[in-house]
Amino acid sequence: MTTAISWQEEIRRLAQERDAVILAHNYQEPAIQDVADHVGDSLALSRIAASTDASTIVFCGVHFMAETAKLLSPDKTVLIPTAQAGCSLADTIDADQLRAWKAEHPDAVVVAYVNTSAAVKAEADVCCTSSNAVEVVNSIPADRPILFLPDQFLGAHVRRQTGRDNIEVWMGECHVHAGISAADLRAQVAADPEAEVLVHPECGCASSAIWLAGVGDLPSERTHILSTAGMLDTARGLTAKTALVATEIGMLHQLRKVNQRTTFLPVNPKASCRFMKMITPELLVRCLRQGRDEIQLPPEVVERARRSVERMVAIGK
Ligand code: 13P
Ligand code: SF4
């Protein structure tokens, strides 16, 4: 007699058979997060990808994240359940556009958010994530001009935090975070004036959150501009009844896991990334069974892009 096994058991069995580690970004569907070996933000997952002993890395996230894992572990097999999982922010700049921008600013240091293609990273000096963007920029001598790309809202956040005025910012945006507006935030805060407010710096409302806090419309001591990893750290210590969360809604799963005292509510419940949600249990099973889709990068890109990512990973170690 055979006993049916669940899809989760099948995934664990296949992962073991393939010697694979499964990484899932905080924005994945809860079921994918729960079956993964590690869940985290882009920086944490990059670090795990760089240090894992497994011979295969299965990246449940979007394409640039799997590419970053491949850059850090070029000898390992890196798989993503579907190569169609792109990123609207990464698509706002390509390598030709960056070369043209650099030509206009030949003395500048180029800081690229990890939400970029490997070809763009190859043209950058150093990468950053939303967790370490301020630290990375602070590591650059104050008199050196900086080109920061591709997210305009994260760029504005970095300018504010570092107090530097020699940062040129690419005017890209993520359609999900740009869609979380100041009006959404204001309406939610008005409905729940005692709530803590957690805002990802990619959000359209991040600058407004600072401004609203400045004029007293938001409680400045309860307004936190944070990466997804920063949100989790802050959430652990919250005692408030509710927290309003301005980022992709997948994040709520981990927040609710780390703190059951506080009710975490999305500032915009429609803020769902269709690229992140392309990763399904069916595609994860297919990925582990058939070894697809495999990330492959041209060697000349790998060499140069890896340097930018490794410089980032080394900062703050
Ligand atoms: P983190 O860098 O906080 O993981 O978020 C980046 C992001 O928006 C991924 O899409
Ligand atoms: Fe890209 Fe935005 Fe989706 Fe993140 S949430 S993967 S930045 S489109």
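Residues numbered from 1 in each chain as written. Chains lettered and ligands numbered in written order. Predicted model: local features only at pLDDT ≥ 70, side-chain atom pairs only at ≥ 80, totals over all residues. Heavy atoms only, no water.

Under the defined criterion, the tally for this structure stands at 14 salt bridges. For Lys257, the salt bridge is made with Asp34, and the minimal N-O distance between the two is 2.9 Å. One end of the pair, Lys257, is in helix 13 (residues 251-258); the other, Asp34, is in helix 2 (residues 30-35), and 223 residues separate them in sequence. Owing to a relative accessible area of 43%, Lys257 belongs among the partly exposed residues under this scheme. Across the pair Arg292 and Asp293 runs a salt bridge whose closest N-O atoms are separated by 3.4 Å. A residue is classified by how much of its surface remains accessible, and Asp293, at 19% relative accessible area, is buried. Salt bridges sharing common partners tie together Asp96, Arg99, Lys102, Glu123 and Arg304. (Salt bridge = Lys/Arg side-chain N within 4 Å of Asp/Glu carboxyl O. Helix = DSSP H or I, 4+ residues; strand = E, 2+ residues; numbered from the N terminus. Buried < 20%, exposed > 50% of the residue type's maximum accessible area, 1.4 Å probe, protein only.)

What the 4 strands build is an open sheet, ordered 6-5-7-8; its pairing is parallel. Lying at the two open borders of the sheet, with one neighbouring strand each, are strand 6 (126-128) and strand 8 (167-169). On average, each strand axis in the sheet is tilted by 25° relative to the strand beside it, whichever way the strands run. Bridging between strand 5 (residues 109-113) and strand 6 involves 3 bridges; their strand directions are parallel. Bridged to Val111 within strand 6 is Val126. (Pairing = 2+ DSSP bridges. Axes fitted to C-alpha atoms, helices over the stretch in contact; angles between N-to-C directions.)

Let us look at the pairing of strand 1 (residues 20-25). Taken across its 6 residues, strand 1 has 6 buried, putting it largely inside the fold. Of the two faces of strand 1, both are covered, the one formed by Ala20, Ile22 and Ala24 as well as the one formed by Val21, Leu23 and His25. Relative to strand 3 (residues 56-60), strand 1 runs parallel, the two being bridged by 5 bridges. Among the inter-strand pairings, Ile22 is bridged to a residue of strand 3, identified as Val58. In this structure, strand 1 lies alongside strand 2 (residues 38-40), joined through 3 bridges in parallel fashion.

Moving on: the site of ligand 1. In the neighbourhood of ligand 1, the contacting residues comprise His25, Tyr27, Asp41, Ser42, Met65, Tyr113, Asn115, Ser130, His177, His200, Glu202 and Thr228. In the environment of ligand 1, an oxygen atom lies 3.0 Å from a nitrogen or oxygen atom belonging to the side chain of Ser130. Within the side chain of Thr228, an N or O atom sits 2.8 Å from an oxygen atom of ligand 1. If ligand 1 stood free it would expose 300 Å²; the protein chains cover 95% of that surface. Taken together, the residues of the shell around ligand 1 break down into 3 nonpolar, 7 polar and 2 charged. (Near = heavy atom within 4 Å. Polar contact = N/O pair within 3.5 Å; in protein donor to acceptor, adjacent residues only side chain to side chain. Areas by Shrake-Rupley, 256 points an atom, 1.4 Å probe, with all protein chains shown as cover. Nonpolar A, V, L, I, M, F, W, Y, C, P; charged D, E, K, R; others polar.)

Looking now at the domain arrangement of the chain. Here the chain is described as being made up of domain 1 (7-85 + 276-298), domain 2 (90-174) and domain 3 (180-266). Contacts between domain 1 and domain 3 engage 9 residues on the former and 11 residues on the latter. In terms of surface lost to domain 3, no three residues of domain 1 exceed Asn26, Tyr27 and Asp41, which account for 55% of the buried area on that side. Summed over the shared surface of domain 1 and domain 3, the result is 2 salt bridges. Residue contributions to the side of domain 1 that touches domain 3 peak at 3 residues, all from helix 2. (Domains from an automatic or database assignment. Contact = heavy atoms within 4.5 Å. Buried area = accessible area lost by both parts, 1.4 Å probe.)

Right, let's talk about the packing of aromatic side chains for a bit. For any pair of aromatic rings, the description rests on two quantities: the centre-to-centre distance and the angle between the ring planes. Overall, the coordinates contain 1 aromatic pair when judged by the stated rule. Judged by centre distance (5.1 Å) and plane angle (65°), the rings of Trp101 and Trp170 are edge-to-face. Remark: Trp170 occurs in the loop between strand 8 and helix 9 (175-178) and Trp101 occurs in helix 5 (residues 95-104); sequence separation between them is 69 residues. One exposure class covers both Trp101 and Trp170, and it is buried. (Phe/Tyr/Trp six-rings, centres within 6.5 Å; stacked < 30°, edge-to-face > 60°.)

Right, let's get into the site of ligand 2. If you check the shell around ligand 2, you find Val62, Cys87, Ser88, Asn115, Cys174, His175, His177, Glu202, Cys273 and Met276 and nothing else. Placement of ligand 2 is best described as lying within the largest cavity. Of the residues assigned to the shell around ligand 2, the class counts are 5 nonpolar, 4 polar and 1 charged. (1 Å grid on protein atoms, 1.4 Å probe; cavity = no way out; pocket = protein on both sides within 12 Å on 5 of 7 lines; lining within 4 Å. Sits in = over half its atoms within 2 Å of the grid points.)

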